[in-house]
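# Fold and contact review
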Amino acid sequence: NFLKKVEEKIDRHFGGVVHCEQLYLPSADYMFVARLISNANGEVIDERVLDMIIERKNVNDLQLCLIKDSKKYKPLSFFEAQTYKLQNCGIKKKLFLMEGDEDDPKHFSMYSTTARGTTTVRGTTTPAEQLKRLKRVKTVRLQMEKGDWKGIDIVCTKNAADTVEFLIQQLKNFK
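Residues numbered from 1 in each chain as written. Predicted model: local features only at pLDDT ≥ 70, side-chain atom pairs only at ≥ 80, totals over all residues. Heavy atoms only, no water.

### Examining the packing of aromatic side chains
Our working definition: Note on aromatic contacts: the rings of Phe and Tyr and the six-membered ring of Trp form a pair at centre separations within 6.5 Å, being stacked when their planes are under 30 degrees apart, edge-to-face when over 60 apart, and tilted otherwise. A run of DSSP states H or I qualifies as a helix once it reaches four residues; a run of E qualifies as a strand once it reaches two. Both are numbered from the N-terminal end. Burial classes follow relative accessibility: with a 1.4 Å probe on protein chains only, a residue under 20% of its type's maximum area counts as buried, one over 50% as exposed, and anything between as partly exposed.
For the structure shown, the criterion picks out 3 aromatic pairs. With a centroid separation of 5.4 Å and 50° between ring planes, the pair formed by Phe32 and Phe174 is classed as tilted. Here Phe174 lies in helix α5 (residues 160-174) and Phe32 lies in strand β1 (residues 30-37), a separation of 142 residues in the sequence. A residue is classified by how much of its surface remains accessible, and Phe32, at 8% relative accessible area, is buried. Judged by its relative accessible area of 32%, Phe174 falls in the partly exposed class. Between Phe79 and Phe96 the ring centres are 5.7 Å apart and the planes differ by 85°, which places this aromatic pair in the edge-to-face class. Remark: Phe96 occurs in strand β3 (residues 93-99) and Phe79 occurs in helix α3 (residues 78-87); sequence separation between them is 17 residues. Residue class for Phe79 comes out buried when judged on its relative accessible area of 1%.

In structure tokens, the structure reads:
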């Protein structure tokens, strides 16, 4: 659903000149490709991968992939495997886009707000485990900000709408 919204907003913003495609990428969520298309027959004449790739995680996804094991790259976590693939993908500019605020109960799924407005921990895990997950998310963000994941820069957005605006801005920069 999110990808469909991204596609619609980008299409609307650029008036149909920029097109989005949903394809499997082995090392990230977003990659930009420039194509020269024949006016005569609509076929692609030339195609160039632009030098930026983006891995997007909202804080909920991030906390889950930090504890989930990678099936293909054991003994790494799912996050570590994704980051390794991103680091070694061959594209120069690599961005890790973290969406949401881990300290905001609306963005981090370990929290639940009651009808009276109080915030409580929810789920099947213990409060101690939930706190541990929160600390992992914060640690990863700080590591990215410090540059501990070589070659990968971090960008933080407030929400999905902010992420779409960021992607549109990147496309404008390329254009």
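From this point on, the discussion continues.
### Overview of the environment of Leu36
By secondary structure assignment, the location of Leu36 is in strand β1. For the pair Leu36 and Arg48, spaced 12 residues apart in the sequence, the C-alpha separation amounts to 8.8 Å.

### Quick word on the sheet that holds strand β6 (residues 152-157)
Short version of the rule: At least two DSSP bridges between two strands are needed for those strands to be called paired. Angles here are taken between N-to-C directions and fall from 0 to 180 degrees, while the axes themselves are lines fitted to C-alpha atoms, restricted in helices to the stretch in contact.
Strands sit in the order β1-β2-β3-β6 across an open sheet of 4 strands; the sheet is mixed. Only two strands of the sheet have a single partner each, and these edge strands are β1 and β6. Adjacent strand axes in the sheet meet at a mean angle of 30°, parallel and antiparallel pairs treated alike. Note: strand β2 (residues 44-58) against β3, 7 bridges, orientation parallel.

These results come straight from atomic positions and should not be treated as a statement about function.
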